[in-house]
Amino acid sequence: MKQKRAEELREAWGDAPCEHPQLAKVYDLGAHTGSFACIKCGHMFSFREKAELAAARRA
Ligand SMILES: [Zn+2]
């Protein structure tokens, strides 16, 4: 998703808890920023945070 879209999601979501069910690559000006955003709440994850989230789910 676009970086702008992730910002909009974050603003709309507010402080509610989210389990971040699915992450999407974040693009800015058509290029992947290297970050990921939750498609539900817009929370941003680095590649490393994304890997840690996946590892925590497997545990
Ligand atoms: Zn989320």
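What you see is a predicted model, and the numbers here were worked out from it, not measured in a lab.

Enquirer: Describe the overall build of the protein, with residues and values.
Expert: Helix and strand content of the protein: two helices and three strands. What you see in the protein, going N to C, is helices and strands ordered as α-β-β-β-α. Scaling as 2.2 N^0.38, a compact globule of 59 residues should have a C-alpha radius of gyration of about 10 Å, and the protein matches this with 11 Å. Counting all 59 residues of the protein, 22% fall into the buried class. Taking all contacts inside the protein whose residues are at least 6 apart in sequence as the whole, residues at least 24 apart take part in 41%. Working note: accessible area of the protein is about 4,300 Å², and carbon and sulfur atoms make up 52% of it. Positive and negative side-chain charges in the protein, numbering 10 and 8 respectively, have mean positions lying 8 Å apart.

Enquirer: Now, about the packing of aromatic side chains: what can you tell me, with residues and values included?
Expert: One pair of aromatic rings is described through two measures. These are the centre distance and the angle between the planes. Applying the stated rule across the entire model yields one aromatic pair. Centre to centre, the rings of Phe36 and Phe47 are 6.1 Å apart; their planes meet at 50°, and the pair counts as tilted. Of this pair, Phe36 sits in strand β2 (residues 31-38) while Phe47 sits in helix α2 (residues 47-58), placing them 11 residues apart in sequence. When the ring centre of Phe36 is taken as reference, the NZ or CZ atom of Lys50 above it lies at 4.9 Å.

Enquirer: Hey, could you go over the coordination of the zinc ion for me, with residue numbers and the actual values?
Expert: Bound to the zinc ion on the protein side are Cys18 (SG), His20 (ND1), Cys38 (SG) and Cys41 (SG), at distances that span 2.1 to 2.3 Å. Taken together, the four donor atoms surrounding the zinc ion define angles of 100 to 115° at the centre, an arrangement classified as tetrahedral.

Enquirer: I'd like to hear about the pattern of salt bridges, residue by residue, with values.
Expert: Summed over all chains, the structure comprises three salt bridges. Put simply, Arg5 and Glu8 hold a salt bridge, and the shortest N to O gap is 3.8 Å. Highlighted residues: Arg5 and Glu8, both in helix α1 (residues 3-13), separated by three residues, approximately one helical turn. In this structure Glu8 comes out as partly exposed when scored by relative accessible area, which is 37%.

Here is what the cut-offs are and how they apply
Residues numbered from 1 in each chain as written. Predicted model: local features only at pLDDT ≥ 70, side-chain atom pairs only at ≥ 80, totals over all residues. Heavy atoms only, no water. Helix = DSSP H or I, 4+ residues; strand = E, 2+ residues; numbered from the N terminus. Rg over C-alpha atoms; globule rule 2.2 N^0.38 Å. Buried < 20%, exposed > 50% of the residue type's maximum accessible area, 1.4 Å probe, protein only. Contact = heavy atoms within 4.5 Å. Areas by Shrake-Rupley, 256 points an atom, 1.4 Å probe, with all protein chains shown as cover. Lys, Arg positive; Asp, Glu negative; His and termini not counted. Charge placed at Lys NZ, Arg CZ, Asp CG, Glu CD. Phe/Tyr/Trp six-rings, centres within 6.5 Å; stacked < 30°, edge-to-face > 60°. Lys NZ or Arg CZ within 6 Å of the ring centre and 35° of its normal. Donors = N, O, S within 2.8 Å, 3.2 Å for Na, K, Ca; no water. Tetrahedral: all angles 85-135°; square planar, octahedral: opposite > 155°, others 65-115°. Salt bridge = Lys/Arg side-chain N within 4 Å of Asp/Glu carboxyl O.

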